[in-house]
Amino acid sequence: MADRMEEISLRYEEIINELKDPALGSDSARMTALLRELSRLKPVVEANEALKALKKHVSEDEALLSEEDDEEMKALLKEEISSLQKASLEKEQELKNLLIPKDPKDERSVILEIRSGTGGDEAQLFAADLYRMYARYAERRGWKMETTEFNDSPIGGISKVTAIVNGKGAWSALKHESGIHRVQRVPKTESQGRIQTSACSVAVLPEAEDVDVEIRPEDIRFDVFRASGNGGQCVNTTDSAVRLTHYPTGIVISCQDEKSQLKNRDKAMKVLRARLYALKQKEQHEAEAAVRKNQVGSGDRSEKIRTYNFPQGRVTDHRIGLDLYKIWDIMDGDLQELTEALQKAEETEKLIRA
């Protein structure tokens with residue numbers, strides 16, 4: 001840990017010195033990256049300095065104790081040393097926790113995609129329930145959720161929906177939601193009262209920044225068309241909807257939520273950046289997979305991560321073996337216990353590997 005702290009302290013000083021360079025004012029992207037790194041390293045450096053101060057205080061008191069003859073003073077010194085040693089252990093544990101590798105994307109906003117899967121109409125109804133669940137969770141967290149693509153069904157379900165969840169820490173809280181979500185319940189369309197199992201896929205992508213991926217103007221094409229669905233006045237009467245095609249990857253993104261064509265273009269570009277960044281990250285993860293197999297879920301869309309059993313009132317997260325018997329609270333957006341348990345499992349795994 002000492003070697004690691006020396007590296008961090010040196011890097012901390014390097015960043016401070018680099019931020020003093022007047023030339024940095026013309027490179028906002030570089031300045032933003034440095035300030036973000038400085039913010040991440042600062043609590044580690046401060047905790048280490050506090051730990052060194054506590055240990056120094058213990059050494060000084062132990063030196064005084066060895067020279068002290070007065071029994072009353074020796075008793076006071078021993079009491080203070082014991083208190084300082086306890087504080088040192090707590091601070092050391094805090095420092096170890098801070099040294100757990102952090103995901104640099106944790107504070108970012110996310111792109112959320114939900115698609116109905118096996119189960120026909122019931123899967124589409126479940127997709128609508130999941131969409132509402134995440135919308136309510138975002139509301140509880142004070143985040144803003146903007147829909148960019150919404151394909152509904154005649155019975156009130158959803159075949160596909162894409163949304164941007166804007167809020168600090170959205171990626172940290174939602175990144176473990178990627179995968180297959182299964183539901184077991186009696187469908188509204190079932191007249192015999194039989195329980196059916198249906199599924200939806202959820203994909204959560206970190207919102208990418210300009211410095212994360214390079215998008216060349218010649219690699220994309222924008223087409224405009226008239227929006228469909230319940231978009232309100234003007235949305236359906238003007239060519240405000242946008243379809244973006246990215247030639248190198250074949251990614252196609254449609255956005256028709258806004259009345260403004262420009263706003264729809266901006267949202268489509270956000271989704272494209274996130275998808276390209278996810279592809280880039282996937283390539284890196286696959287290269288590391290041989291030595292990093294024991295992860296808290298791979299996030300692969302084919303992975304069955306959670307089951308919502310309505311007859312039993314139970315939600316089970318299969319990755320960490322967690323059963324919660326409060327399905328209605330969860331469907332109403334109370335995901336805190338789930339997200340915290342998954343974050344804790346991730347931290348534990350990182351601590352083992354560190």
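Residues numbered from 1 in each chain as written. Predicted model: local features only at pLDDT ≥ 70, side-chain atom pairs only at ≥ 80, totals over all residues. Heavy atoms only, no water.

Caption draft 1: Structural context of the pairing of strand 8 (residues 251-255). Strand 8 sits mainly inside the fold: four of its five residues count as buried. Pairing geometry for strand 7 (residues 241-246) and strand 8, over five bridges, is antiparallel. Residue pairing across strands places Thr245 opposite Val252, the latter belonging to strand 8. Between strand 7 and strand 8, which pair antiparallel and follow one another directly, the connecting turn spans four residues, one of which, Gly250, has a positive phi of 80°. (Buried < 20%, exposed > 50% of the residue type's maximum accessible area, 1.4 Å probe, protein only. Helix = DSSP H or I, 4+ residues; strand = E, 2+ residues; numbered from the N terminus. Pairing = 2+ DSSP bridges.)

Caption draft 2: Geometry of the sheet that holds strand 7. Read from one edge of the open sheet, three strands run 6-7-8, paired in antiparallel fashion. In this open sheet, the two strands that pair with only one neighbour each are strand 6 (220-225) and strand 8. Here the strands of the sheet are splayed against their neighbours by 15° on average, with no regard to which way each runs. Bridging between strand 6 and strand 7 involves six bridges; their strand directions are antiparallel. In the strand pairing of strand 7, Arg221 is matched with Thr245. (Axes fitted to C-alpha atoms, helices over the stretch in contact; angles between N-to-C directions.)

Caption draft 3: Structural view of helix 3 (residues 71-98). With 28 residues, helix 3 ought to run about 40 Å at 1.5 Å a step, and its terminal C-alpha atoms sit 40 Å apart, in line with that. If you check which residues of helix 3 are buried, you get Leu77, Ile81, Leu84, Ser88 and Leu95. Residue Asp70 occupies the N-cap position of helix 3, its side-chain oxygen lying 3.1 Å from the main-chain nitrogen of Glu72. (Expected span 1.5 Å × (residues − 1). Polar contact = N/O pair within 3.5 Å; in protein donor to acceptor, adjacent residues only side chain to side chain.)

Caption draft 4: Region of the structure containing the layout of surface pockets. A volume near 1000 Å³ is recorded for the second largest pocket. Taken together, 33 residues form the lining of the second largest pocket, with Arg40, Lys102, Asp103, Pro104 and Asp106 sitting closest to its centre. The set of elements that each furnish at least two residues to the lining of the second largest pocket consists of helix 1 (2-19), helix 2 (28-67), helix 3 and helix 8 (336-353). Per-element accounting of the lining of the second largest pocket gives the leading share, eight residues, to helix 2. Residue composition of the lining of the second largest pocket, grouped by class: 11 nonpolar, five polar and 17 charged. (1 Å grid on protein atoms, 1.4 Å probe; cavity = no way out; pocket = protein on both sides within 12 Å on 5 of 7 lines; lining within 4 Å. Points joined across faces, edges and corners; volume = space filled by probe spheres on them. Nonpolar A, V, L, I, M, F, W, Y, C, P; charged D, E, K, R; others polar.)

Caption draft 5: Region of interest: the side chain of Ser178. You can see Ser178 is positioned in the loop between helix 5 (170-174) and strand 4 (179-185). Reaching out from Ser178, the side chain makes a polar contact with the backbone nitrogen of Val204 at a distance of 2.8 Å.

Caption draft 6: Region of interest: the pattern of salt bridges. Under the defined criterion, the tally for this structure stands at 26 salt bridges. Residue Arg216 is joined to Glu218 by a salt bridge in which the shortest nitrogen-to-oxygen separation is 3.6 Å. The exposure class of Arg216 is partly exposed, given its relative accessible area of 39%. For Glu218, a relative accessible area of 53% corresponds to the exposed category. When the shortest N-O distance is used, the salt bridge between Arg319 and Asp317 registers 2.7 Å. Three or more residues are tied together by salt bridges with common partners; here these are Arg132, Arg136, Glu139, Arg140 and Asp332. (Salt bridge = Lys/Arg side-chain N within 4 Å of Asp/Glu carboxyl O.)

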